[in-house]
Amino acid sequence: MEYASTLSNYAGLLVKLGQFQDSLPLFQKSLDLSRSIHVDGHPFISYRLNNLAAVYENLNEFDNAKELYKESIGITEGLYGKSHPDYSINVSNLAGLLRKMGDMERAYGLYLEALDTAEAFLGREHPDVAMHLSNLGLILGFLDRFDEAVAHYRESLDIAESTLGRSHPTYGHRLDNL
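What you see is a predicted model, and the numbers here were worked out from it, not measured in a lab.

Definitions and limits used
- Residues numbered from 1 in each chain as written.
- Predicted model: local features only at pLDDT ≥ 70, side-chain atom pairs only at ≥ 80, totals over all residues.
- Heavy atoms only, no water.
- Phe/Tyr/Trp six-rings, centres within 6.5 Å; stacked < 30°, edge-to-face > 60°.
- Helix = DSSP H or I, 4+ residues; strand = E, 2+ residues; numbered from the N terminus.
- Buried < 20%, exposed > 50% of the residue type's maximum accessible area, 1.4 Å probe, protein only.
- Lys NZ or Arg CZ within 6 Å of the ring centre and 35° of its normal.
- Core = buried A, V, L, I, M, F, W, Y, C linked by side-chain atoms within 4.5 Å.
- Contact = heavy atoms within 4.5 Å.
- Salt bridge = Lys/Arg side-chain N within 4 Å of Asp/Glu carboxyl O.
- Expected span 1.5 Å × (residues − 1).

**Q** What should I look at first to understand the packing of aromatic side chains in this one?
**A** This model, assessed by the stated rule, comprises one aromatic pair. An angle of 50° between the planes, with centres 6.3 Å apart, marks the rings of Phe 44 and Tyr 47 as tilted. Of the two residues, Phe 44 and Tyr 47 are both situated in helix H3 (residues 43-58); the distance of three residues between them amounts to about one turn of the helix. Note on Tyr 47: relative accessible area 37%, which makes it partly exposed. Across from the ring centre of Phe 44, 5.5 Å away, lies the NZ or CZ of Arg 48, which sits over that ring. Its guanidinium or amino end placed over the ring of Tyr 108, Arg 145 lies 4.8 Å from that ring's centre, counting from NZ or CZ.

**Q** Would you mind showing me how to read the nonpolar core here?
**A** Note that soluble globular proteins tend to have their nonpolar side chains buried in a common cluster. Among the nonpolar cores identified, the biggest contains 41 residues, and Leu 52, Leu 94 and Ile 139 are the most heavily contacted of them. Of all the elements in the fold, those that place two or more residues in this core are helix H1 (2-16), helix H2 (20-37), H3, helix H4 (62-80), helix H5 (85-100), helix H6 (104-122), helix H7 (127-142) and helix H8 (146-164). If you tally residues by element for this core, the top one is H6, at eight residues. For Ile 139, the contacting residues outside a window of four places in its chain are Arg 99, Met 104, Ala 107, Tyr 108 and Tyr 111.

**Q** Any chance you could explain the pattern of salt bridges here in plain terms?
**A** Pairing of side chains with opposite charge becomes possible as their charged atoms draw close. Taken as a whole and judged by the stated rule, the model has seven salt bridges. Residue Lys 100 pairs with Glu 57 through a salt bridge whose shortest N-O separation is 2.9 Å. Taken together, the residues Lys 100 in helix H5 and Glu 57 in helix H3 connect sequence positions 43 residues apart. Residue class for Glu 57 comes out buried when judged on its relative accessible area of 9%. The shortest N-O distance in the salt bridge between Arg 145 and Glu 148 comes to 2.8 Å. Owing to a relative accessible area of 28%, Arg 145 belongs among the partly exposed residues under this scheme.

**Q** Can you help me understand H6 in this one?
**A** Helical geometry: 3.6 residues make up each α-helical turn, so side chains three or four residues apart lie on a common side. Between the first and last C-alpha of H6 there are 26 Å, a value that for 19 residues agrees with the 27 Å anticipated at 1.5 Å per step. Of the positions making up H6, those classed as buried are Met 104, Ala 107, Tyr 108, Leu 110, Tyr 111, Ala 114, Leu 115, Thr 117 and Ala 118. Where the residues of H6 are buried, they touch H5 and H7. Immediately downstream of H6, the backbone of Gly 123 shows phi near 90°, a positive value.

**Q** Is there a simple way to think about unusual backbone geometry in this case?
**A** Most peptide bonds are trans, and most residues other than glycine sit at a negative phi. Unusually for a residue other than glycine, Asn 60 sits at a positive phi of about 60°. As for its position among the elements, Asn 60 is in the loop between H3 and H4. The backbone of Asp 144 sits at a positive phi, close to 60°, despite the residue not being glycine. Relative to the helices and strands, Asp 144 is located in the loop between H7 and H8. A residue is classified by how much of its surface remains accessible, and Asp 144, at 56% relative accessible area, is exposed.

Laid out in structure tokens, this is it:
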């Protein structure tokens, strides 16, 4: 198991360096090892699927990414139901992919689901909820619903300020969104 984690960590470093193609076989090997060690539905498999999906997304291989995100969501939902922060993150990842694919309405619905899930588990004043609000602001802008987008961005900024402070980089990112 340590070897699978080491491969995944190394692949993650390559992603940070922008070396997506080089990270792909490492993430795949990490996933394969995790599947051989753990029962189907183990959280590590879900994490590995998400990592691999994100690489495919960055390589513009959207169909591969979409299937992996869906599989990851299925595992997370099976483990925790639809009321867990990991579920909301996975759904948000799929929504981001759908946004890139131009499916704004489906992306909006998934971003809204991700927000509702995170808020129910974490409460409204949590940095993860602020992230989901920001994502909703983004998609609402693409849907030409600008007043709603601004309201979501402002609330996201307010949460970031109250939970992280004005000197935190996330606060700056939320401010840039406005």
